[in-house]
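For reference, the chains in residue letters:
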Protein chains: 2
Amino acid sequence: MPKIVDHEKQRQLVAEAVWRIIRKEGMEGATVRRIAEEAGVSPGSLRHYFRTQSELLAFSMSLVSERVKERIARLRFTGEPLEDAEKLLHEFLPLDEEKRAEMEVWMAFTIKALSDSTLYELSSRVYAEMKMAVSLIIDTLIEKGLAKEEIDRDAQIEILYSLLDGLALHGIMQPDQVNADVMKNSILHYLKSICR
Amino acid sequence: MPKIVDHEKQRQLVAEAVWRIIRKEGMEGATVRRIAEEAGVSPGSLRHYFRTQSELLAFSMSLVSERVKERIARLRFTGEPLEDAEKLLHEFLPLDEEKRAEMEVWMAFTIKALSDSTLYELSSRVYAEMKMAVSLIIDTLIEKGLAKEEIDRDAQIEILYSLLDGLALHGIMQPDQVNADVMKNSILHYLKSICR
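Residues numbered from 1 in each chain as written. Chains lettered and ligands numbered in written order. Predicted model: local features only at pLDDT ≥ 70, side-chain atom pairs only at ≥ 80, totals over all residues. Heavy atoms only, no water.

This brings us to the overall build of chain A. When helices and strands are tallied, chain A shows nine helices and zero strands. Over its C-alpha atoms, taken along the principal directions, chain A stretches across nearly 60 × 40 × 30 Å. Among the 196 residues that make up chain A, the fraction classed as buried is 53%. Considering only contacts in chain A between residues 6 or more positions apart, those separated by 24 or more positions represent 67%. Working note: accessible area of chain A is about 9,400 Å², and carbon and sulfur atoms make up 53% of it. Where the 27 positive side-chain charges of chain A centre and where its 33 negative ones centre are 5 Å apart. (Helix = DSSP H or I, 4+ residues; strand = E, 2+ residues; numbered from the N terminus. Buried < 20%, exposed > 50% of the residue type's maximum accessible area, 1.4 Å probe, protein only. Contact = heavy atoms within 4.5 Å. Areas by Shrake-Rupley, 256 points an atom, 1.4 Å probe, with all protein chains shown as cover. Lys, Arg positive; Asp, Glu negative; His and termini not counted. Charge placed at Lys NZ, Arg CZ, Asp CG, Glu CD.)

Put into structure tokens, the structure is as follows:
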């Protein structure tokens, strides 16, 4: 089915053009004309791949989370709960240039979602998935007897998830101050603080 | 000096019009024409208050942080370090409708700052001020002998600041799930976790 593959490939190339525009010019730059120009296609042919601009933006946003999920699916866990927790949490942080690019785009879409219902739905779905991943980490630490007895499960899920998104935000805004080492160190200190 | 007062008042009214547009339509909506319309002035008269659109946006962004600073200046501290820490930290969270509106606008400007050097400079300055406030809280808990001896000062400053911004982001994105009680509870659990 080369035709279908090409079609999907082309959609991804357009989505990546949207990412580049958002990083360079902000969300305001992502007009149909600029997207077509950046992707090297005619504005008319864009309609072949996406019916509306809203659909195009939603696809571009979901592609970011797909990339993260693909990376997570390729992770090899060791069975050592603390080490595995760190490994998974690191995937949600802008620890290298590629992830920082994705995170910048993700945050821009997240904020745009406040005034775009299609993007908001997507953002809520990813919020729920992320929360589930964070819950899994806290629950595993509790079940394996590593977590301190006095910790409050629900409060720690909220704290860890917020810590993660706060670090991600600081990591893209102040990359010199909040670099990969600082982000990893924060996660490590947090995990130690809730473990025996 | 009624003229100067009026001028400043008018600049604030225009800035608040920008906030309303950002909340309703996103940053893309904040064009000179739409801002003039929302503020009830002619596009030409906007130039009387701001030389450029960039200056207008920078003023609108800085007005958000000014409002927060004004509220903090009015706080009455008790001298009880944990209680005072909570009181100060709550001012940085979208705990009511007014603060949520401000935080939505602030986050939108923060993301736009990634592709706007004037806004970026402002965002970096506020980042540094916030970090100083968070450092003050951690240092006070340490000096008063309330913090656990084993905590790492720098790591905890990073963790608390990230927790704060992560909660703020979740509070505006998922206000039903991350409501005022959840945010306050997260702060309380965090503070307890680093104290004896």
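What follows covers helix α4 (residues 53-73) of chain B. The terminal C-alpha atoms of α4 of chain B, which comprises 21 residues, lie 30 Å apart, in line with the 30 Å expected from a rise of 1.5 Å per residue. All of the buried residues in α4 of chain B are L56, L57, A58, F59, S60, M61, S62, L63, V64, S65, V68 and R71 of chain B. (Expected span 1.5 Å × (residues − 1).)

Turning our attention to the packing of helix α4 (residues 53-73) of chain A against helix α7 (residues 117-143) of chain A. In helix packing, the relevant descriptors are the interaxial angle and the interaxial distance, both defined with respect to the helix axes. All names here are of chain A. Direction vectors running N to C along α4 and α7 enclose 15°, while the axes themselves pass 9 Å from each other. Between α4 and α7, the interaxial angle falls into the category roughly parallel. Between α4 and α7 lies a crossing whose hand is right-handed. Between α4 and α7, the contacting residues are S54, L57, A58, M61, S62, S65 and K69 on the first element and T118, L119, L122, S123, V126 and E129 on the second. (Axes fitted to C-alpha atoms, helices over the stretch in contact; angles between N-to-C directions. Parallel < 35°, antiparallel > 145°, perpendicular 65-115°, else oblique. Left-handed = near helix turned anticlockwise from the far one by under 90°.)

Moving on: the packing of helix α6 (residues 97-112) of chain A against helix α6 (residues 97-112) of chain B. Viewed as axis vectors pointing N to C, α6 of chain A and α6 of chain B meet at an angle of 145°, and their least axial separation amounts to 10 Å. Between α6 of chain A and α6 of chain B lies a crossing of left-handed hand. Between α6 of chain A, through M107, A108 and I111 of chain A, and α6 of chain B, the contact on the second element is made entirely by M107, A108 and I111 of chain B. Among the residues making up the contact of α6 of chain A with α6 of chain B, the classes are represented as six nonpolar, no polar and no charged. (Nonpolar A, V, L, I, M, F, W, Y, C, P; charged D, E, K, R; others polar.)

On the side of chain B, 43 residues touch chain A, which itself brings 44 residues to the contact. Summed over both sides, the interface of chain A with chain B buries roughly 3,600 Å², with 64% coming from carbon and sulfur. On the chain A side of the contact with chain B, Y127, H170 and M173 of chain A bury the most area, a combined 17% of that side's loss. Between chain A and chain B we count two salt bridges in total. The interface formed by chain A and chain B contains 10 residue pairs in polar contact (both at pLDDT 80 or more). For the side of chain A that touches chain B, the leading source of residues is helix α8 (residues 153-173) of chain A, giving 13 residues. (Buried area = accessible area lost by both parts, 1.4 Å probe. Salt bridge = Lys/Arg side-chain N within 4 Å of Asp/Glu carboxyl O. Polar contact = N/O pair within 3.5 Å; in protein donor to acceptor, adjacent residues only side chain to side chain.)

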